[in-house]
Amino acid sequence: MMSFKLKSEVIKAGIWYTLGNILIKGISFVTLPIFTRILSPSDFGIYNTYIAYEAIISIIISLGVYASINNAKIDFKDDFNKFVASVCNLFTMFFVLVWIVTNIIYPILPNVSKEFDISIVNVLMLHSFGSAIINYISLKYVIEMKYRLNMIIAVILTLCNVLVSLFLCLGLYNSQRYLGRILGSAAGVIIIGIIFYVILQING
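Residues numbered from 1 in each chain as written. Predicted model: local features only at pLDDT ≥ 70, side-chain atom pairs only at ≥ 80, totals over all residues. Heavy atoms only, no water.

How do you make sense of the packing of aromatic side chains when you look at a structure like this?
Geometry of an aromatic ring pair is reported as the spacing of the ring centres plus the angle between the planes. One pass over the structure, following the stated rule, counts 7 aromatic pairs. Relative to Phe129, the ring of Phe95 has its centre 4.4 Å away and its plane inclined at 15 degrees; by these criteria the two rings are stacked. Of the two residues, Phe95 sits in helix α6 (residues 80-105) while Phe129 sits in helix α8 (residues 118-143), which places them 34 residues apart along the sequence. Take Phe95 and Phe129: they sit in the same class, and that class is buried. Aromatic ring contacts, followed pair by pair, group Phe91, Phe95, Trp99, Phe129, Tyr136 and Tyr197 into a single cluster. (Phe/Tyr/Trp six-rings, centres within 6.5 Å; stacked < 30°, edge-to-face > 60°. Helix = DSSP H or I, 4+ residues; strand = E, 2+ residues; numbered from the N terminus. Buried < 20%, exposed > 50% of the residue type's maximum accessible area, 1.4 Å probe, protein only.)

Which parts of the structure should I look at to understand the environment of Leu32?
Position of Leu32 relative to the elements: it lies in helix α3 (residues 32-38). Sequence-wise, Leu32 and Phe44 are 12 residues apart; in three dimensions their C-alpha atoms are separated by 9.9 Å.

Please explain the packing of helix α4 (residues 41-62) against helix α10 (residues 177-203) as it appears in this structure.
Working note: a packed helix pair is described by the angle between its axes plus the distance between those axes. One can describe the packing of α4 onto α10 by two numbers: an axis separation of 8 Å at closest approach and a directional angle of 30 degrees. Taken together, the axis directions place α4 and α10 in an arrangement best described as roughly parallel. Viewed along their axes, α4 and α10 form a crossing whose handedness is right-handed. Note on element contacts: α10 touches α4 through Arg177, Tyr178, Arg181, Ile182, Ser185 and Ala186, opposite Asp43, Ile46, Tyr47 and Tyr50. A class-by-class count of the residues in the contact of α4 with α10 yields 6 nonpolar, 1 polar and 3 charged. (Axes fitted to C-alpha atoms, helices over the stretch in contact; angles between N-to-C directions. Parallel < 35°, antiparallel > 145°, perpendicular 65-115°, else oblique. Left-handed = near helix turned anticlockwise from the far one by under 90°. Contact = heavy atoms within 4.5 Å. Nonpolar A, V, L, I, M, F, W, Y, C, P; charged D, E, K, R; others polar.)

In this structure, what is going on with the environment of Ile137? I would like to understand it.
When you line up the elements, Ile137 lands in helix α8. Among the residues examined, Ile137 registers a relative accessible area of 1% and is labelled buried. Considered as a pair, Ile137 and Asn150 are 13 residues apart in the sequence and their alpha carbons are 8.4 Å apart.

Got a minute to help me understand the confidence of the model for the protein chain in this structure?
Predicted coordinates in regions of low pLDDT should not be interpreted in detail. Here the protein chain averages 80 in pLDDT, and 78% of its residues register 70 or above. Mean pLDDT across the secondary structure elements of the protein chain bottoms out at helix α7 (residues 110-115), with 60, and peaks at α10, with 89. (pLDDT = per-residue confidence, 0-100.)

Now the structure itself:
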């Protein structure tokens, strides 16, 4: 049977993982009073549509592989990092395929074209991929009881989201604040996602 100490660590890891997810996913709600003052209703609507797409695409790109990591820790105990890297490569290849297809069919999707130009669509794809990587490595850290690292990731992402968005909305993209909000949300996720992708490949 699982010892009391191990049970306690598992529960603690689960709590911190949940708090980290709430911090990341709930940032849009927490910062709502700030950005409703900065963004026009039109800008806010465009941003919310973008985030809805990102949430859906990141799930599609990941291929639902998150569930496999729990059993892999037991089944591939000596090659766990290799397994994680291999699964990461699997949904990376799928992401590249989806990205290529999206750029090919974009011109024949008039409804999407009216909402986002191709540059924003490409940011959306990278943002979704970064989210998939971060969700995957966060779950890996929880399984390895590295819940503090997971919380640090959540805090960094939250700060990047808010601070970069404010800087872009009030500075570089003052006339297109929806664009500043989108790029501010995407920047930290894309950069941190790429960093963790490299780490996964090195460890694996």
